[in-house]
Each structure stands twice: as structure tokens, then as C-alpha cells.
Amino acid sequence: MEDSIWAMLPEDLLHEILARVPPFLIFRLRSVCKRWNSLLQDSSFLKFHSSVPSHGPCLLTFWKNSQIPQCSVFSLPLKTWYRIPFTFLPQWAFWLVGSSGGLVCFSGHDGLTFKTLVCNPLTQAWRALPSMHYNQQRQLIMVVDRNDRSFKVIATSDIYGDKSLPTEVYDSKTDSWSVHQIMPAVNLCSSKMAYCDSRLYLETLSPLGLMMYRLDTGCWEHIPAKFPRSLLDGYLVAGAQKRLFLVGRIGLYSTLQSMRIWELDHAKITWVEINRMPPKYFRALLRLSAERFECFGQDNLICFTSWNQGKGLLFDVDKRIWSWIGGCALQSYNNQVCFYKPRFDASIY
């Protein structure tokens, strides 16, 4: 179209059109003119953007190259990698916690104290949260409430095993941390957590099963869901709605191992097997029996990565489809990966 036609478009129509453009392409469009460059601060554009359907799930991979933060995002709908500048973050020693509702959370040290940091990669807005009451390195998870335009960060036990620390919850509406119940004395078998239906879950060996933290009451409960026999390593993965998955390897001998997926039957408090990774994918993902793998999920999508692979493996629980995700962004040994939903209207406050 002629430049003069774009120039004559009514402001609200232009905003509605641009709100439907894939978010990563907005970075390129910002350089067209000053008018388009100011879009991300325009309340009218953000209103249109919040009303259109989400772009869809993406994979965000984060790493440091010569201490400079690097970030690439793989769009599952477009099947394309995009590089996002991450030089806006401070030069601290931090690592990826996770993502929710368009925001990304990091934790680390600024050289003096433990810090929790929240940012929106698209708008490049960021801020450090206030210090916790018991400010030290903790297991963290962030959850965003888009209807309420707020977010919470839940801090559970100390990663070094200090069981005397109370659970703390940060609420963006009050910009403060509140102190809650200390997790009952348990032996955790994994530092991985899963959050679904306003509940946080962790795996425990003693007592065997799950510890569940209810965000509405601030209390912990034990769920006696026994793990499948011969489970070598297990990851809790949150699905859509109330679905909770367990992913892990079964089998004592390398030639007999397989990767399986179970779903928690909340009524019967048992794990029900729902799928197995086909052998060809299992052998390609884990070429050595002792090789480590990472697993994470969102909206009934589960992604697998391993240290020696230059690609990820994606499983769609609803469609029961396995597929590879290629690209150099997954090849670095120090990559940290999570699911991510890009949103310009996700606020860090």
C-alpha cells in the first residue's frame, strides 16, 4: 500500500490492525516512524492488544554470552525463532525462574543481596521486587492473574535444604511479601514445582507423595499419591485447568528404559498413565542411560530438552502428537528454557 494511505488511517483502526500483528514483528515495525515507535506506551493500542486472542505458546530460551544476557523465543504458531534484545537487564548474576502471563521472572544476586526480578521482554520494562522477610536463595514460582492485572511470586524452601523458613508470597497489588506457614518437615525428591488451579505442588519422598500449597489459605497439605514403580526421575508438569502431570523414566536397565506420562486422578489420588514416548524419540533424546533431561509444560504442552541435544521435543497432550523443535538456540549447555506467552499489556506493577 502507498505510504500516504497508511498515513491517513484513523488512529484506532491503525491500532486495531497492529494489535493483530505477531508481537515479535512489532520490534521491526517500531523503526518505521516515531508514531509507530511510541505504540508500546499508547493506552489505546494496549487496549486493542489485550482484547485480541493470544499469539499462542512460545519457548523462551535464556543464556549468557560473555556475561551478556541473551534471549531467543521460538513461536510455536509461526515455527520461527526470534532474537529479543536482553541488554536492558542489569549485570547481575541471575538465573531464569519461569514465565507467566507475558512476564518473566529471574532470581539471583546483585553482588550484595539476593534479588528477585520481573520483566516484560517485549516492552523491556523491568524491576527488582522488595526483599523477602527471610531474604535468601529460595525456590520460586511466579503466577499472573490477567483478569486482576496482578501477579504473585511464591517462595518455598531454601534450595540448600533449610526447612525452618516460612513460605512467603509476594503480591504486586500491595508490593509486599506476606509470611505464611512453614512447609511441614519433608524430604523433597525434586526442586521442580508445578502450579495449577491456585495450588502449588512438590514431590516428596518422606512422607511419600506430594505436598500441596493452597494460595487461598496459605497452608500446606500432604497428598498420599504414590509414585509409579521403578520411577527413576520425575517431573511435575502443570496442565490446563486442574490437570497435573508426572513425567519420568521407568526401568532399572538402560535397554529397558522408557519415558512415560501420567496424570493425577484427584478423586482416587492415583497416577494414571496416559502416554509413552515412542522409542525412536527416547533414543534420540537420551543417547546415554544416565543422561540428564529437563521437562516443563504449559496448557497441556510438554517440552523435553537434554544437555547434548540441539533441539527440543514437544508433546501435545490433547492431540497426542510428538514433534521436534530445531534451532541453534537450544544448543548451549547453559541454556535455561521455559514456556512463554508474549504480551505487550503485561505490566510489571
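Residues numbered from 1 in each chain as written. Predicted model: local features only at pLDDT ≥ 70, side-chain atom pairs only at ≥ 80, totals over all residues. Heavy atoms only, no water.

Naming follows an unreviewed UniProt entry, where the protein chain appears as F-box domain-containing protein of Stylosanthes scabra.

Peer 1: What exactly am I supposed to notice about the pairing of strand 21 (residues 301–306) here?
Peer 2: A regular strand places its side chains so that they alternate between the two faces of the sheet. Burial runs high along strand 21: six of the six residues are buried. On strand 21, burial covers both faces: L301, C303 and T305 on one face and I302, F304 and S306 on the other are all buried. Where strand 20 (residues 293–298) lies against strand 21, six bridges are found, and the strand directions are antiparallel. In the strand pairing of strand 21, F296 is matched with C303. What sits between strand 20 and strand 21 in their antiparallel hairpin is a turn of two residues, with D299 showing a positive phi close to 50°. Pairing of strand 21 with strand 22 (residues 311–316) involves four bridges; the strand directions are antiparallel. Following the sheet pairing, C303 is matched in strand 22 by L314. (Buried < 20%, exposed > 50% of the residue type's maximum accessible area, 1.4 Å probe, protein only. Helix = DSSP H or I, 4+ residues; strand = E, 2+ residues; numbered from the N terminus. Pairing = 2+ DSSP bridges.)

Peer 1: Help me understand the sheet that holds strand 16 (residues 231–238), please; the structure alone is not making it clear to me.
Peer 2: What holds strands together in a sheet is hydrogen bonding between their backbones, with the strands either parallel or antiparallel. Strand order in the open sheet made by the four strands is 16-17-18-19, with antiparallel pairing throughout. If you trace the sheet from one side to the other, it starts and ends with strand 16 and strand 19 (270–276), each paired once. Across the sheet, the mean angle separating the axes of adjacent strands is 30° when strand polarity is ignored. (Axes fitted to C-alpha atoms, helices over the stretch in contact; angles between N-to-C directions.)

Peer 1: Would you take a moment to explain helix 2 (residues 11–18) for this structure?
Peer 2: Burial in helix 2 covers these residues: L14, H15 and L18. Buried positions in helix 2, seen along its axis, are confined to an arc of 100° and lie on one side of it. (Arc of directions from axis to C-beta.)

Peer 1: Explain the nonpolar core here, please?
Peer 2: As a rule of thumb, nonpolar side chains are buried together in soluble globular proteins. Judged by nonpolar contacts, the single largest core of 32 residues is most densely connected at L60, F86 and F106. The set of elements that each furnish at least two residues to this core consists of helix 2, helix 3 (23–29), strand 1 (58–65), strand 2 (68–75), strand 4 (93–100), strand 5 (103–109), strand 6 (114–120) and strand 24 (336–340). Top element by residues in this core is strand 1. It accounts for three residues. Filtering out sequence-adjacent residues up to four positions away, F106 remains in contact with F62, F86, L89, F94, W95, L96, V97, K115, T116, L117 and C119. Counting residues in each nonpolar core, the second largest holds 19 residues, with Y281, I302, L313 and W322 among its members. (Core = buried A, V, L, I, M, F, W, Y, C linked by side-chain atoms within 4.5 Å. Contact = heavy atoms within 4.5 Å.)

Peer 1: Quick question: what am I supposed to make of the confidence of the model for the protein chain here?
Peer 2: Parts of the prediction with low pLDDT should not have their coordinates interpreted in detail. When pLDDT is averaged across the protein chain, the result is 85; 89% of the residues are at 70 or more. Model confidence for the protein chain, summarised as mean pLDDT per element, is weakest for helix 1 (residues 3–7) at 66 and strongest for strand 19 at 96. (pLDDT = per-residue confidence, 0-100.)

Peer 1: Help me understand the environment of R30, please; the structure alone is not making it clear to me.
Peer 2: Mapping R30 onto the fold places it in the loop between helix 3 and helix 4 (34–37). Relative accessible area serves as the criterion here: at 24%, R30 is assigned to the partly exposed category. R30 sits ten residues away from L40 along the chain, and the two C-alpha atoms are 9.1 Å apart. Beyond its immediate chain neighbours, meaning those up to four positions away, R30 contacts W36, N37, L40 and L122.

Peer 1: Help me out: how do you make sense of the pairing of strand 4 in this one?
Peer 2: Two elements, strand 4 and strand 5, share seven bridges in a ladder whose sense is antiparallel. Paired with S99 across the strands is V104, a residue of strand 5. Linking two consecutive strands that pair antiparallel, namely strand 4 and strand 5, is a turn of two residues; a positive phi of about 60° is found at G101 within it.

Peer 1: Looking at this model, I keep getting lost on the packing of aromatic side chains. Mind explaining?
Peer 2: The geometry of an aromatic ring pair is captured by the separation of the ring centres together with the interplanar angle, meaning the angle of the planes. Going through the model one piece at a time under the given rule, you end up with 19 aromatic pairs. A ring pair is formed by F94 and F106, whose centres lie 5.2 Å apart and whose planes are at 65°; its orientation type is edge-to-face. A residue pair is termed long-range when its members are at least 10 positions apart, and F94 in strand 4 and F106 in strand 5 qualify at twelve residues. For the pair formed by F94 and F106, the shared burial category is buried. Each member of the aromatic cluster is reached from another via a ring pair, and the members are Y235, Y281, F293, F304, F315, W322 and W324. (Phe/Tyr/Trp six-rings, centres within 6.5 Å; stacked < 30°, edge-to-face > 60°.)

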